[in-house]
Number of protein chains: 2
Amino acid sequence: MKNLLVAQSGGPTAAINATLAGVVECALSSGQTDKIYGAVNGIEGVLSRRFIDLRQKLDSTEKLSLLCQTPAAALGSCRLKIQKREQLKAIAETLKKWEISCFVYIGGNDSMDTVDQLSAYLAEQGIEEIAVVGAPKTVDNDLMGTDHCPGFGSAAKYIAATFSELERDCRVYTAKSVTIVEIMGRNAGWLTASSALARVNGSGGPDLIYLCERPFDTERFLSDLREKLEVQNSVLAAVSEGIRDEEGHYISEQVQSGALDNFGHAYIAGAGKVLEQLVRERIGCKVRSIELSLMQRCAAHIASATDIAESRMIGIKACQCALEGQSGQMAAVIRESSDPYRVSFRSVPVREAANAEKKVPDEWITPDGCGVTDEMLEYLKPLIQGESKVEYRNGIPAHISLYP
Amino acid sequence: MKNLLVAQSGGPTAAINATLAGVVECALSSGQTDKIYGAVNGIEGVLSRRFIDLRQKLDSTEKLSLLCQTPAAALGSCRLKIQKREQLKAIAETLKKWEISCFVYIGGNDSMDTVDQLSAYLAEQGIEEIAVVGAPKTVDNDLMGTDHCPGFGSAAKYIAATFSELERDCRVYTAKSVTIVEIMGRNAGWLTASSALARVNGSGGPDLIYLCERPFDTERFLSDLREKLEVQNSVLAAVSEGIRDEEGHYISEQVQSGALDNFGHAYIAGAGKVLEQLVRERIGCKVRSIELSLMQRCAAHIASATDIAESRMIGIKACQCALEGQSGQMAAVIRESSDPYRVSFRSVPVREAANAEKKVPDEWITPDGCGVTDEMLEYLKPLIQGESKVEYRNGIPAHISLYP
């Protein structure tokens, strides 16, 4: 019998707990596990040996099902990036001391780097009885080695639905107005591109979409807006938080270095806020900026059923790999076809995903730089299909807590 | 047979179209109506005679049901406040020319003022054949004469659910952090108070809640935060957009007058952003501000089933009043009891609601000024109960359009 340890890391998503549920379900049903531990706060919790007993915490299908609809990381998270060999040694010692044979780490790029380093270290040390396996998650969808990342589909569904609602809200008045929506994504524009899904039922969706993959030209932005304002009253634009100018400077930086508050300190504003101010100065019409902020990654109440199901499967796959002793692997989604949508689950060497970023292919951005192509929509559309059957209690979604 | 005209005004909500559906259903089923017109863009559309035929646009129960799940004003809106007698004269002439006997105006304070002025004008002129009736709506819940406003319950449900999600997102890390969420409400803190509903299932919800009804003391705010940060890692605060200091100056103004952008112009920031900067300067921990922005009023995908049902009933009631010739009335919700929750629908003189603002009673705010009482929760809780059965198409909620 094997002892299994699972932990979560990086920014929360609406689906990372479905992956945790998948790991636990697989461990429970395998007949090969004894202890199933969860480390609290990722690798920090492994280092400080803060473990909880998941067999006891998740002892019913009802609890596992509640876990799948609970946003953010139920085991807590951390931002720790492994920098020193001593850290790897300390982790290895803890794993040995607790007789862990399987360690599944759910997270994004940095966490896959931890899996990579740790599995390499264990191999070096000839410790063959511990398998370390990664399970990908990130709303940014920027991990290599997998067709898409668990968590992304739910964020994309939130963004698509929210744009379809904002579109209606913004268009009720006859006055000329501009609404700029800033979407997560420092280096990859996948989430920003998802705003185009608001068009799937025939409405206009965002009029202009700017991804961080292309240099952002403020003058071009103003002329794009002016052109739209000539033919319609309300213009809705989607921008990545990480848009940069031709020289690579973040648009959001421009205000940070320019504006001072009462105390004479730099004022921190996002790209949306900077562009709002620019439109106010240069065009002069009614303008508003909206940040989808944390809501886009934690809105589990509108999670994609496809994403939740796949996230669970990724957890099952990662646990299977760990039980089979396939250290240094990452569970991945392979797209077999888009229409009809079919995927399979495999494991890939985690090194393929660690420390790399998958950006939006240039050919999926329209030549004018302010839209996305049909190919992009074909890629995105299956990921937001299906509505999770969320259980509500007293008017709000029910959640589960695994630790205080 | 009578001709009926209906229009919508003021800020959109997730439920204002359910009221429109109620008006149309009542008109259709009454057997007393011939034409059912909708004016596009509120009273502006009445003045410019931009009418659409709602019998034709809403000729199936499926369309009426889609209308109920469509956010924002399906007939468009306006911000026009009646200032001149000539405007009343022009409206009256249009109503006479189109042989309208019933005019139902769905909106907030300003719209109820229009209903009041117009019905008084018609009475003065001896025009008895036209009845003008108001149907209340506003996410702010600040209308007098009704226990609560259609649209408020859905916004409150969105806020409660969102806080329950944000709470989990903010608490995954071990680092000390402050999250400040700014909620709509310039003069009334009802929506901000709704953040406390995140606690209905036993979790902590917002740690601190500041309504605009009480003067906001920034030093007190900082000491409240410091106190919380001593015993927990993550502090979540809810603030009304309209919080003001002891002298009545908006907190949001303080940065507007202090910060300058690259062009030397005043920088516009909301209360949340100002407080974020304050915490960064004075406490120095990780801090983030979030604006729930338009999402809180247009998130129809998580509308309260209670709110949608009541909003429809308000439309039916308003139409009935108009058909009965009760000019100058407003349909209203009367709360018979909170537990079990029971309401009735009546009409009240619109003058009771026009140009008045219903604020949160001082005794529903805790003595320390940073929370709300159980009495407040008892008032709010029934309003967010029940989930609308939203129909999704291609992964996002289906909506209906009544005009281009």
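All figures in this text were calculated on a predicted structure; none of them were measured in a lab.

Colleague: Where do I start with the overall build of chain A in this structure?
Modeller: When helices and strands are tallied, chain A shows 14 helices and 13 strands. Taken against the 2.2 N^0.38 rule, which gives 22 Å for 404 residues, the C-alpha radius of gyration of chain A at 22 Å falls within 12% of a compact globule. For chain A, the C-alpha atoms occupy an extent of roughly 70 × 45 × 40 Å along the three principal directions. Burial statistics for chain A: of 404 residues in total, 63% are counted as buried. Element-wise, carbon and sulfur atoms account for 46% of the exposed surface of chain A, whose accessible area totals about 14200 Å². Across chain A, 43 positive and 53 negative side-chain charges occur, with their mean positions spaced 4 Å apart.

Colleague: Help me understand the environment of B:Pro361 in this model?
Modeller: Residue and element names in this part refer to chain B. Structurally, Pro361 can be placed in the loop between β11 (341-349) and α14 (374-380). On the basis of relative accessible area, Pro361 is assigned to the partly exposed category, the value being 24%. Sequence separation between Pro361 and Ala300 is 61 residues, and the spatial gap between their C-alpha atoms is 28 Å.

Colleague: I'm lost on the interface of chain A and chain B in this one. Help?
Modeller: Interface extent is often summarised as the accessible area lost during association of the parts. Contacts between chain A and chain B engage 79 residues on the former and 79 residues on the latter. Here chain A is connected to chain B by two salt bridges. The closest approach of N and O atoms between A:Asp169 and B:Arg297, which form a salt bridge, is 2.7 Å. Between the two partners, chain A and chain B, sit 35 residue pairs in polar contact (both at pLDDT 80 or more). The set of elements that each furnish at least two residues to the side of chain A that touches chain B consists of α7 (152-170), α10 (251-258), α11 (271-282), β9 (286-291), α12 (295-298), β12 (392-393) and β13 (396-397) of chain A. Counting residues per element, the side of chain A that touches chain B draws most heavily on α7(A), at 11 residues.

Colleague: Looking at this structure, I do not really get the pairing of strand β10 (residues 329-338) of chain B. What am I missing?
Modeller: Looking down a regular strand, the side chains alternate between one sheet face and the other. Residues and elements named next belong to chain B. Of all the 10 residues making up β10, seven are buried; the element is thus mostly covered by neighbouring parts of the structure. Strand direction decides the pairing type here: β10 and β11, joined by nine bridges, are antiparallel. Residue pairing in the sheet places Gln329 in a bridge with Pro349 of β11. Linkage of β10 to β11, two consecutive antiparallel strands, is achieved through a turn of two residues.

Colleague: Would you mind going over unusual backbone geometry with me for this structure?
Modeller: Among all residues except glycine, the phi angle is most often negative; among peptide bonds, the trans geometry is most common. Residue and element names in this part refer to chain A. A cis geometry characterises the amide bond from Asp339 onward to Pro340, with omega recorded as 5°. A positive phi angle, near 40°, is found at Ser293, a position not held by glycine. By the element assignment, Ser293 lies in the loop between β9 and α12.

Colleague: Quick question: what am I supposed to make of the packing of aromatic side chains here?
Modeller: Centre distance and the angle of the planes are the two values used to describe a pair of aromatic rings. Enumeration according to the criterion identifies 20 aromatic pairs over all chains in this entry. With a centroid separation of 6.2 Å and 85° between ring planes, the pair formed by B:Trp190 and B:Trp364 is classed as edge-to-face. Taken as a pair, B:Trp190 in helix α8 (residues 190-194) and B:Trp364 in the loop between β11 and α14 lie far apart in primary sequence, 174 residues in all. The two residues B:Trp190 and B:Trp364 agree in class, both being buried. Judged by centre distance (5.4 Å) and plane angle (45°), the ring pair of B:Trp364 and B:Tyr379 falls under tilted. Highlighted residues: B:Trp364 in the loop between β11 and α14 and B:Tyr379 in helix α14, separated in sequence by 15 residues. For B:Tyr379, a relative accessible area of 7% puts it in the buried group. Feature note: the residues A:Tyr37, A:Phe51 and A:Trp98 constitute an aromatic cluster, connected by ring pairs. Note that A:Arg186 overlies the ring of A:Tyr250, its terminal NZ or CZ placed 3.9 Å from the centroid. In this structure, A:Lys358 is placed above the aromatic ring of A:Trp190, and the distance from its NZ or CZ to the ring centre is 5.7 Å.

Colleague: Before we go on, may I ask you to explain the relation of the copies chain A and chain B in this structure?
Modeller: When chain A is brought onto chain B, the operation consists of a screw motion whose angular component is 180° and whose axial shift is 0.0 Å, with 0.0 Å RMSD remaining. Both copies are brought into coincidence by an operation consistent with a two-fold rotation axis. Taken together, the interface assignments show that 100% of the residues at the interface of chain A recur at the interface of chain B, consistent with an identical surface on both copies.

Colleague: What exactly am I supposed to notice about the sheet that holds strand β1 (residues 2-8) of chain A here?
Modeller: Each strand in a sheet pairs with its neighbour through backbone hydrogen bonds, running either in the same direction (parallel) or in the opposite one (antiparallel). Residues and elements named next belong to chain A. If you trace the seven strands from one edge of the open sheet to the other, you get β3-β2-β1-β4-β5-β10-β11, paired in mixed fashion. Looking along the sheet, the strands with just one partner apiece sit at the ends: β3 (51-53) and β11 (341-349). Strand after strand, the sheet turns through a mean of 30° between neighbouring axes, direction not considered. Note: strand β5 (residues 131-136) against strand β10 (residues 329-338), two bridges, orientation parallel. Following the sheet pairing, Gly134 is matched in β10 by Met330. Packed on one face of the sheet, helix α1 (residues 16-30) meets β1, β2 (33-39), β4 (100-107) and β5 and runs near 175° to β1. On the sheet, helix α6 (residues 109-124) packs against β4, β5 and β10 and is oriented at approximately 165° with respect to β5.

Colleague: Looking at this structure, how should I read the UniProt feature "site: Important for catalytic activity" (unreviewed entry) in chain A?
Modeller: Residue and element names in this part refer to chain A. In this numbering, the UniProt entry assigns the feature "site: Important for catalytic activity" (unreviewed entry) to Lys137. Inspection of the secondary structure assignment puts Lys137 in the loop between β5 and α7. Ignoring anything within four residues of it in the chain, the contact list for Lys137 reads Ser9, Gly10, Gly11, Thr13, Ile16, Ile106, Gly107, Gly108, Leu143, Cys149 and Pro150. From its side chain, Lys137 meets the backbone oxygen of Gly11 in a polar contact 2.7 Å long.

Colleague: Is there a simple way to explain empty space enclosed by the protein in this structure?
Modeller: Taking a probe equal in size to a water molecule and rolling it over the atoms shows the remaining empty space. Evaluated as defined, the whole model comprises two cavities of 30 Å³ or more. Here the largest cavity is characterised by a volume of approximately 120 Å³. Forming the walls of the largest cavity are A:Asp169, A:Cys170, A:Tyr173, A:Ala175, A:Ser177, A:Val178, A:Thr179, A:Lys286, A:Val287, A:Arg288, B:Leu294 and B:Arg297. Estimated volume of the second largest cavity: approximately 90 Å³. What lines the second largest cavity is simply A:Leu294, A:Arg297, B:Asp169, B:Cys170, B:Tyr173, B:Ser177, B:Val178, B:Thr179, B:Lys286, B:Val287 and B:Arg288. Listing elements by their share of the lining of the second largest cavity, those giving two or more residues are α7 (152-170), β6 (177-183) and β9 (286-291) of chain B. In the lining of the second largest cavity, the residues fall into five nonpolar, two polar and four charged.

Colleague: Hey, could you run me through the environment of A:Leu323 in this one?
Modeller: Residues and elements named next belong to chain A. Locating Leu323 in the fold gives a position in helix α13 (residues 305-323). Between the alpha carbons of Leu323 and Val133 there is a distance of 9.7 Å; along the sequence they are 190 residues apart. Look past the residues within four positions of Leu323 in its chain and what remains in contact with it is Lys2, Cys26, Ser30, Gln32, Thr33 and Cys102.

Colleague: Could you clarify how one ought to interpret the side chain of A:Gln329 in this entry?
Modeller: Residues and elements named next belong to chain A. Turning to its location among the elements, Gln329 is positioned in strand β10. Of the residues examined, Gln329 reaches a relative accessible area of 16% and is grouped as buried. Engagement of the side chain of Gln329 in a polar contact is seen with the side chain of Ser347, the distance being 3.0 Å. Those residues within four positions of Gln329 in sequence are excluded, and the remaining contacts are Val115, Val132, Val133, Gly134, Ser347, Val348, Pro349 and Val350.

Colleague: Mind showing me how you'd approach the pattern of salt bridges here?
Modeller: Opposite charge on two side chains permits them to pair, given that their charged atoms come into close proximity. Residues and elements named next belong to chain A. Under the defined criterion, the tally for this structure stands at 38 salt bridges over all chains. Salt-bridge contacts for Lys63 lead to Asp59; the nearest nitrogen and oxygen are separated by 2.9 Å. On the basis of relative accessibility, which here comes to 30%, the residue Lys63 falls in the partly exposed class. What makes Asp59 exposed here is its relative accessible area of 52%. Residues Arg393 and Glu62 are paired through a salt bridge, measuring 3.4 Å at the closest nitrogen-oxygen approach. Of this pair, Arg393 sits in strand β12 while Glu62 is found in helix α4 (residues 61-68), placing the two residues 331 residues apart along the sequence. We classify Arg393 as partly exposed; its relative accessible area is 30%. Connected through salt bridges with shared partners, the residues Glu62, Glu391 and Arg393 form a single ionic network.

About the thresholds
Residues numbered from 1 in each chain as written. Chains lettered and ligands numbered in written order. Predicted model: local features only at pLDDT ≥ 70, side-chain atom pairs only at ≥ 80, totals over all residues. Heavy atoms only, no water. Helix = DSSP H or I, 4+ residues; strand = E, 2+ residues; numbered from the N terminus. Rg over C-alpha atoms; globule rule 2.2 N^0.38 Å. Buried < 20%, exposed > 50% of the residue type's maximum accessible area, 1.4 Å probe, protein only. Areas by Shrake-Rupley, 256 points an atom, 1.4 Å probe, with all protein chains shown as cover. Lys, Arg positive; Asp, Glu negative; His and termini not counted. Charge placed at Lys NZ, Arg CZ, Asp CG, Glu CD. Contact = heavy atoms within 4.5 Å. Salt bridge = Lys/Arg side-chain N within 4 Å of Asp/Glu carboxyl O. Polar contact = N/O pair within 3.5 Å; in protein donor to acceptor, adjacent residues only side chain to side chain. Pairing = 2+ DSSP bridges. Phe/Tyr/Trp six-rings, centres within 6.5 Å; stacked < 30°, edge-to-face > 60°. Lys NZ or Arg CZ within 6 Å of the ring centre and 35° of its normal. Least-squares fit on C-alpha atoms with pLDDT ≥ 70 in both. Axes fitted to C-alpha atoms, helices over the stretch in contact; angles between N-to-C directions. UniProt positions renumbered as here; feature names shortened; annotations may be inferred. 1 Å grid on protein atoms, 1.4 Å probe; cavity = no way out; pocket = protein on both sides within 12 Å on 5 of 7 lines; lining within 4 Å. Points joined across faces, edges and corners; volume = space filled by probe spheres on them. Nonpolar A, V, L, I, M, F, W, Y, C, P; charged D, E, K, R; others polar.

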